[in-house]
Every structure is written in C-alpha cells, then in structure tokens.
Amino acid sequence: MKNITSREGIIQRIQKLEQEHALAIEDYEYLIENRTPETDDWIRYKAVQITRSIYGRDIYVRGLIEFTNICRNNCYYCGIRKDNPHVRRYRLSQEEILSSCKTGHALGFRTFVLQGGEDAYFTDDRLCAIVSEIHERYPDCAITLSVGERSAESYRRLYEAGAERYLLRHETADADHYRLLHPSTMSFAHRMDCIRTLRDIGYAVGIGMMIGAPYQTARHLAEDLKFIETFQPEMCGIGPFIPHGQTPLKDFPAGSVDLTCYLLALIRLICPDVLLPATTALGTMDPKGREKGVLSGANVVMPNLSPTEVRKDYQLYDNKICTGEESAQCRGCLERRMLSIGYQVVTDRGDKKNI
C-alpha cells in the first residue's frame, strides 16, 4: 500500500511541477526520498519530451579548455586544491589557448569554455587580453568563463572584453553544508554574492552542484532544487561526486548516476529551457553515462580541447575519462555516441532558447 501511496504522491507533485515549475522544498524532498525505478523512468521520459519540444534532437557542444590547474583554494573535495603536493602544475600561455581555439573552430565548435583554478597569475589584464583576442578572431563564437570567485570589477571587465557566459557552481544551497566542503577561508555568502553579481552584470549564468557529495542529504538536494527554481539559471551543471585520493574527502563513496539523471529530469521540469550538460563525471562513472544524461533531459556535452599533454594534470576527481584523446577524437566519439541514441551534435553557439 505504501508504494501505491508514494507513487500517487509523486504523480501529484510532478503534475503540479509541470504546470507551475515550482514546488515547496518539502515537495522536492518527497520526490527525492520516494522515487522508484518506475517513477524515475516516467519523469525522465517527461523531461526528454520537454527538451525535444524546445531544442529538438540537437546536442550543443562546448569546447573545454582547462588552461591552468593552479588554484589558491583548498576545497576539501578537489584534486587540484592548493595543498595537494602530488599535482604536476601547469598553466597554458595565451598562444596555447588560442591554438586550442583554432583547432576547435576548425572542428565546428562555436563555444569555448575557459576553465581553470583561481590562479593569481591570470590578472584581469592578462585574462581580458585573452578573452578579447578570442572574441576578435572568432566573432561567431560564444566565450564562457569558469574561473571561480573574482571581484565585481573583474567580472565587469571580462564581460566587456567579450565573455558572455560564466559557470560558477553554487555547490550547495545550504550554508552549513558548504562549510563541511570548504575551508574557513571560503564563504558561502561570498559565493552567492558572486553568482548574483554575474547575473546583474549581464552574463548568462551557470550554477550547479555535486550529487552524492559528502554529508549531503535529501533536504540539501531539495534546497538546491529550490535555489535553481528561484534563480532560474541559463545553465545548470550537475554530476555525481567522485572522490579524489589526495583530498580530505577521499574515503567518501561516489555519488549515484541514477540519482544524477533523476535530478537532471527534475531540473528540466523546473526550468524547461535551461541548458543542461551531460557531464564528463557521468561518463566517468558509467560508460553510457552521458547518453543516460541526454535521455534524462540534458542537451549539452563538453569535449576537451586542452592540449593532450596537460589533460591528465587537470584531475578534479580520480579516473577522469578522455584525457588521452586528440580533440578531433573527442568530438567524433561524442557524435557517434549521440547518434546511437537518436541525437545529433550541431555546429551552433547553443544559446538558451527562452520560452
């Protein structure tokens, strides 16, 4: 009888979510705690139908350039944290970054994602010069930055130089949980201030969190969903937590692919037109993880354009896939994977389609 009651409770809440794109935190918590394989499949099917109604069967690609693994922070889960002495540190020159963009543009990439640790070498002047040069050489491309917490003035200068999108995961919408994942030198309030500042400046903003992160509860995830609902990001990147052997949280279990896909589907119901990546972490946890992500409502993939000789050194978590392939191989592999499930990788900036 309990299963029937839970199923009915899920159906009622999902129907409301489809109509209103909003629920109380307690309802999100209910959806997380009472899920079953049957209701999972039903909700993922609904998410796919919504995605196809807006984006068709197109999958947008972002060319990821991991340009520095030097970071001032000591996040307890991250493999490139400052105090990990086992990392071979690197930073790409402007010429190497531009070379990666040239390769990517020839392969059909129309969005470049510059991602790196919070490396003090990349001052506003240096980073603005790189962004400006990419913008000048490839005016048909969007530039996305993922370089952590910076000042409002820095964000503004980078925006004026040509960056249009910014990825800054909130990691968790619960301040107490945030403190369990980060050292005292980092602030939940400051992270949220940065996210709001990016929106105020005019960026298309991407947020997100790890699924199955240490100390995470269903209530935490419900708070995350409520934050996504209220903030309405243009992009939302979620992936399963994968421990790194050289971090304080190395002994915690990895997150669940199934739960990640379920939450992708819920996020699609909350924000029908959001851009949702099927992340590399999903592919690391499951050989078909990225395909499962797309079949749960994701519509973005992010193959790596970084020089192959540095990819193994950008290890946020253990056993990261695609570290030894050339950029063309990464693109070709993803195209075949998407075709195998009835989707197509397209040459497109991949802007959010506001509905």
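See above for the structure.
Below, the structure is looked at part by part.

## Some thoughts on the packing of aromatic side chains
What characterises a pair of aromatic rings is the spacing of the ring centres plus the angle enclosed by the ring planes. Under the counting rule described, the total for this entry stands at ten aromatic pairs. Their ring planes at 90 degrees and their centres at 5.9 Å tell us that Tyr55 and Tyr60 sit as a pair that is edge-to-face. No difference in accessibility class separates Tyr55 from Tyr60, as the two residues are buried. Ring centres of Tyr215 and Phe252 lie 5.0 Å apart, and the angle between their planes is 65 degrees; on these two criteria the pair is classed as edge-to-face. Taken as a pair, Tyr215 in the loop between β7 (210–211) and α9 (218–231) and Phe252 in the loop between β9 (239–240) and α10 (257–270) lie far apart in primary sequence, 37 residues in all. You can call Phe252 partly exposed: its relative accessible area is 25%. Three or more aromatic residues joined by ring pairs form one cluster here, namely Tyr155, Tyr159, Tyr166 and Tyr203. The residue whose ring lies beneath Arg13 is Tyr30, and the NZ or CZ to ring-centre distance is 3.7 Å. The ring of Phe231 carries the charged tip of Arg199 above its face, separated from the ring centre by 4.1 Å.

## Quick notes on the pairing of strand β6 (residues 204–207)
Taking every second residue as pointing to the same face, both faces of β6 are buried, with Ala204 and Gly206 on one and Val205 and Ile207 on the other. Note that strand β5 (residues 165–167) and β6 share three bridges and pair parallel. Pairing of Arg165 across the sheet is with Ala204, part of β6. As defined by bridge partners, β6 adjoins strand β8 (residues 235–236) across two bridges and the pair is classed as parallel. In the sheet register, Ile207 faces β8, and the bridge partner there is Cys236.

## Examining α9
Every α-helix carries 3.6 residues per turn, so stepping three or four residues along brings you back to the same face. With 14 residues, α9 should reach 20 Å at 1.5 Å per residue; the first-to-last C-alpha distance of 20 Å fits that figure. Within α9, eleven of the 14 residues are buried, which leaves it mostly tucked inside the rest of the structure. Gln232 sits one or two positions beyond α9 and adopts a positive phi of about 55 degrees.

## Concerning the packing of helix α5 (residues 124–137) against helix α6 (residues 152–161)
Where α5 contacts α6, the two axes come as close as 8 Å, and the packing angle between them is 20 degrees. Comparing their axes, α6 and α5 come out roughly parallel. Between α5 and α6 the crossing geometry is right-handed. Taken together, the residues of α6 that come into contact with α5 (itself represented by Asp124, Asp125, Leu127, Cys128, Val131, Ser132 and His135) are Ser154, Arg157, Leu158 and Ala161.

## Here's the deal with the nonpolar core
Ile134 and Leu266 are the most contacted members of the largest nonpolar core, which has 109 residues in total. The greatest single-element share of this core, amounting to eleven residues, is contributed by α10. Excluding anything up to four places from it in sequence, Leu266 contacts Ile14, Leu17, Leu31, Ile43 and Leu225.

## Let's talk about the pattern of salt bridges
What the rule picks out here adds up to 28 salt bridges. Across the salt bridge formed by Lys320 and Glu66, the nearest N and O atoms sit 2.6 Å from each other. Of this pair, Lys320 sits in the loop between α13 (308–311) and α14 (327–340) while Glu66 sits in strand β2 (residues 63–68), placing them 254 residues apart in sequence. Here Asp273 and Lys352 are joined by a salt bridge, their closest N and O atoms 3.3 Å apart. With Asp273 in the loop between α10 and α11 (280–285) and Lys352 in the segment after β11 (344–346), this residue pair connects regions lying 79 residues apart in the sequence. Given the relative accessible area of 7%, Asp273 is considered buried.

## Focus on the sheet that holds strand β1 (residues 58–61)
Spatially, the three strands line up as an open sheet ordered β10-β1-β11, and their pairing is parallel. Taken across any chain shown, the strands that pair with only one partner, and hence form the sheet edges, are β10 (300–301) and β11. The pairing of β1 with β10 spans two bridges and is classified as parallel. Across the sheet, Tyr60 pairs through a bridge with Val300, a residue of β10. Relative to the sheet, α14 contacts β1, β10 and β11, its axis offset from that of β11 by approximately 135 degrees.

## Comments concerning the pairing of strand β4 (residues 142–146)
Both faces of the sheet carry side chains from a regular strand, because those side chains alternate between them. Counting buried residues in β4 gives five out of five residues, a clear majority hidden from the surface. With burial as the criterion, each face of β4 is covered, one bearing Ala142, Thr144 and Ser146 and the other bearing Ile143 and Leu145. Direction of pairing for strand β3 (residues 111–116) relative to β4: parallel, over a ladder of five bridges. Counted as the bridge partner of Val113 is Thr144 from β4. Between β3 and its parallel partner β4, the chain crosses via α5, and the hand of that crossover is right-handed. With α6 bridging β4 and its parallel neighbour β5, the resulting β-α-β unit is right-handed.

## Points about unusual backbone geometry
For Tyr215, which is not glycine, the phi dihedral falls at a positive 70 degrees. Look at Cys322: it is not a glycine, yet its phi comes out positive at around 65 degrees.

## Quick word on the side chain of Asn69
One can find Asn69 in the loop between β2 and α4 (94–106). Since its relative accessible area comes to 0%, Asn69 is described here as buried. Side-chain polar atoms of Asn69 contact the backbone nitrogen of Tyr90, separated by 2.8 Å. When near neighbours in sequence (up to four residues on either side) are disregarded, Asn69 contacts Ile80, Val87, Arg88, Arg89, Tyr90, Asp313 and Tyr314.

Definitions and limits used
- Residue positions are given per chain, counted from 1 along the sequence in the order it is written.
- In view of the model being predicted, local features appear only for residues whose pLDDT reaches at least 70, and side-chain atom pairs are presented and counted only at 80 or more, with totals across whole chains, interfaces and linings using the full set of residues.
- Values shown for side chains rest on all heavy atoms present in the structure; no hydrogens or waters enter the calculation.
- Two rings from Phe, Tyr or Trp (for Trp, the six-membered ring) form a pair when their centres sit within 6.5 Å of each other. Planes less than 30 degrees apart are called stacked, planes more than 60 degrees apart edge-to-face, and all others tilted.
- For every residue, the accessible area obtained with a 1.4 Å probe (protein chains only) is divided by the maximum for its type, and the residue is called buried under 20%, exposed over 50%, and partly exposed between those limits.
- Under the DSSP-based scheme used, a helix requires at least four consecutive residues in state H or I and a strand at least two consecutive residues in state E, with every element numbered from the N terminus.
- The rule for a charge over a ring is simple: NZ of Lys or CZ of Arg within 6 Å of the ring centre, and within 35 degrees of the ring normal.
- Between any two strands, at least two bridges found by DSSP are needed for them to pair.
- Multiplying 1.5 Å by the residue count of a helix minus one yields the expected span of that helix.
- Axes, fitted as lines to C-alpha atoms, cover a helix only where it is in contact. Angles between the N-to-C directions of the axes lie from 0 to 180 degrees.
- Throughout this description, any angle smaller than 35 degrees is read as roughly parallel, any larger than 145 degrees as roughly antiparallel, any in the 65 to 115 degree range as roughly perpendicular, and the remainder as oblique.
- For a crossing to be left-handed, the near helix must be turned anticlockwise from the far one by less than a right angle; the clockwise case is right-handed.
- Contacts were defined at the residue level, with two residues in contact if any of their heavy atoms lie within 4.5 Å.
- For this analysis, a nonpolar core means a set of buried residues of the types Ala, Val, Leu, Ile, Met, Phe, Trp, Tyr and Cys, connected via side-chain atoms within 4.5 Å.
- The salt bridge criterion pairs a side-chain nitrogen of Lys or Arg with a carboxyl oxygen of Asp or Glu, the two atoms within 4 Å.
- For the handedness criterion, the strands are oriented away from the viewer, and a crossover whose path from the first strand over the helix to the second runs clockwise is classed as right-handed.
- Identification of polar contacts relies on pairs of N or O atoms within 3.5 Å, with a donor-acceptor requirement for protein atoms, meaning one able to donate a hydrogen and the other able to accept it, and with residues adjacent in sequence counted only if both atoms are side-chain atoms.

Read these as layout, nothing more, since geometry by itself doesn't imply function.
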